[in-house]
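This is what each chain is made of:
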Amino acid sequence: LMSELKVRGVDYMYVCGADNPSVKVLDPAFLGFSSHHHSLVRDPTDCVCIKGLYIRAPPEPLAILGSTETKLKGQYISRGILVEANEAPADLSTRKSKNRIVFNVGSLNQYCITTDSCLPLLQTLTQWHLKRMSVPALHRRTGKFIEPKPHSEPNAVHLSRNLGDICQEAGRTLALVVG
């Protein structure tokens, strides 16, 4: 697929999550931001652009966008990181410094990456995200459908891999923050 995209002259891929019904698909401002910033970095194949939203009233059910620093060959390198809302410490989205929320940007689950970087970055995804949830079930003896009660104990586990994890693998993560 990637080689076919390159043959057709596709340089960038826009990806958005299906869990955001209010997404502005192919937002021209975000695409322009991404194209402009990919042209400025030395290696555009090592860059991910993400669209975020200022968190005004925590907690919001958005992955929290932040950065982490690691020391590599004597210098500090900053990497983008997304922490899923259900995996974050309870107080993460409400932590304050000088009366301002510290982690105040949530991910809108929209990404723009080069087609050259897509496959190598996707191959680095090894982390699984675990979410416990209550789902309808089929009683194995009676064959009746059982609806979970509101706020009932989880009876299932959802495992997934998130595209946002490529932010940690990319050399540079740039965010267009709106709102």
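The structure we're discussing is the one just above.
The rules behind the values
Residues numbered from 1 in each chain as written. Predicted model: local features only at pLDDT ≥ 70, side-chain atom pairs only at ≥ 80, totals over all residues. Heavy atoms only, no water. Helix = DSSP H or I, 4+ residues; strand = E, 2+ residues; numbered from the N terminus. Buried < 20%, exposed > 50% of the residue type's maximum accessible area, 1.4 Å probe, protein only. Contact = heavy atoms within 4.5 Å. Expected span 1.5 Å × (residues − 1). Arc of directions from axis to C-beta. Polar contact = N/O pair within 3.5 Å; in protein donor to acceptor, adjacent residues only side chain to side chain.

Some thoughts on the environment of alanine 175
Residue position: alanine 175 is located in strand E12 (residues 172-178). For alanine 175, a relative accessible area of 31% puts it in the partly exposed group. Spatially, the C-alpha atoms of alanine 175 and valine 105 are 9.4 Å apart, while their sequence positions differ by 70 residues. Residues within four places of alanine 175 in sequence aside, it is in contact with Phe33, Ile50 and Leu65.

Focus on helix H2 (residues 28-40)
Across its 13 residues, H2 extends 18 Å between first and last C-alpha, which sits within 8% of the 18 Å expected from 1.5 Å per residue. Buried within H2 we find Phe30, Phe33, Ser34 and His38. Buried residues of H2, viewed axially, fall in a sector of 120°; they line one side. Residues of H2 that are exposed and point more than 90 degrees away from the buried face comprise Pro28, Ala29, Ser39 and Leu40. Check the buried side of H2 and you find it contacts strand E1 (12-16), strand E2 (47-54), strand E7 (105-114) and E12. The N-cap of H2, judged by a side-chain oxygen 3.1 Å from the amide nitrogen of alanine 29 a few residues on, is aspartate 27.

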